[in-house]
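One-letter residues, chain by chain:
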Amino acid sequence: KIAKALAYAVFYGQGADSFAEKAHVSVDRARELISQFRRTYPGISKRNAREKHKMRANGFVETLAGRRRALDAASGASEDRKVLNTLCQGSAADLIKRAMADAHREARRRLPERERPRLVLQLHDELVYEVRADSGRPPAASVRVVRECMERAFDAELNVPLVVNVTFGERFGSMTPLSAEDDVA
């Protein structure tokens, strides 16, 4: 939990006091963690500065899929936060939308109707599918199609792999993880 909070703190330019409160650590420890994170991942601060500069020059910020959000370059810190939020949240929306569309298309192309996963719910970065499970396990092909489409969404644009966690169960409270090896079973 602290690692996730730290990543968001650095990405959004949160101060040590605020991060310390959210992560339940001392302010000194928060400063140390933020400093260590920036040394380990110097590209994040550079990218944030580059994107803020581009917004000031162009008057907009662009998501991973090229959607543009117009911003007021003269507004300062408030608009800077909007730049970073649009990059993160807007690009996440682009990614999940592409993954959903690709999974639907690929399932129709590659799977018989009986084995196609049916999208039930999208919640932030999670997709919930309904699948037939004749043997008490989902059809491997259904899981494989969804996993591949999610992992490959914006593959060419990203410099890091997307890791997709798949769980399976009859109810949300009783889900069990499926590994990539389960996809081929």
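Note that the structure is a prediction, hence the values are computed from the model and not measured.

Draft legend 1. Highlighting the nonpolar core. Counting residues in each nonpolar core, the largest one holds 20 residues, and the members touching the most others are Leu111, Leu127, Val145, Met150, Ala153, Val166 and Leu178. Mapped by element, the contributors of at least two residues to this core are helix 5 (77-110), helix 6 (140-152) and strand 5 (166-168). Counting residues in each nonpolar core, the second largest holds 11 residues, with Ala20, Ala23, Leu33 and Ile34 among its members.

Draft legend 2. Structural detail: the packing of aromatic side chains. Per the counting criterion, the structure on display carries 3 aromatic pairs. Seen in terms of ring centroids, Phe11 and Tyr12 are 5.4 Å apart; in terms of plane orientation they differ by 85°. Their pairing is edge-to-face. Note on Phe37 and Tyr41: the rings are 4.9 Å apart at their centroids and 50° apart in plane angle, and the pair reads as tilted. Note on Phe37: relative accessible area 13%, which makes it buried. Through a chain of ring-to-ring contacts, three or more aromatic side chains come together here, namely Tyr8, Phe11 and Tyr12.

Draft legend 3. Molecular detail of helix 4 (residues 42-58). With 17 residues, helix 4 should cover 24 Å at 1.5 Å per step; its first-to-last C-alpha distance of 25 Å lies within 8% of that length. Turning to helix 4, its buried residues number three or more, namely Asn48, Glu51 and Met55. Buried residues of helix 4, seen end-on, are gathered within an arc of 70° and therefore sit on one face of the element. With respect to the buried face of helix 4, the exposed residues turned more than 90 degrees away are Lys46, His53 and Ala57. Of the residues flanking the end of helix 4, it is Gly59, one or two places downstream, whose phi is positive at about 80°.

Draft legend 4. Broad picture of the pairing of strand 4 (residues 126-130). In terms of strand pairing, strand 3 (residues 118-123) meets strand 4 through 5 bridges, oriented antiparallel. Opposite Gln122, over in strand 4, you have Leu127 as the bridge partner.

Draft legend 5. Local environment of the side chain of Glu51. Note that Glu51 resides in helix 4. Its relative accessible area of 8% is what places Glu51 among the buried residues. Look past the residues within four positions of Glu51 in its chain and what remains in contact with it is Val83 and Leu87.

Rules used in this analysis
Residues numbered from 1 in each chain as written. Predicted model: local features only at pLDDT ≥ 70, side-chain atom pairs only at ≥ 80, totals over all residues. Heavy atoms only, no water. Core = buried A, V, L, I, M, F, W, Y, C linked by side-chain atoms within 4.5 Å. Buried < 20%, exposed > 50% of the residue type's maximum accessible area, 1.4 Å probe, protein only. Helix = DSSP H or I, 4+ residues; strand = E, 2+ residues; numbered from the N terminus. Phe/Tyr/Trp six-rings, centres within 6.5 Å; stacked < 30°, edge-to-face > 60°. Expected span 1.5 Å × (residues − 1). Arc of directions from axis to C-beta. Pairing = 2+ DSSP bridges. Contact = heavy atoms within 4.5 Å.

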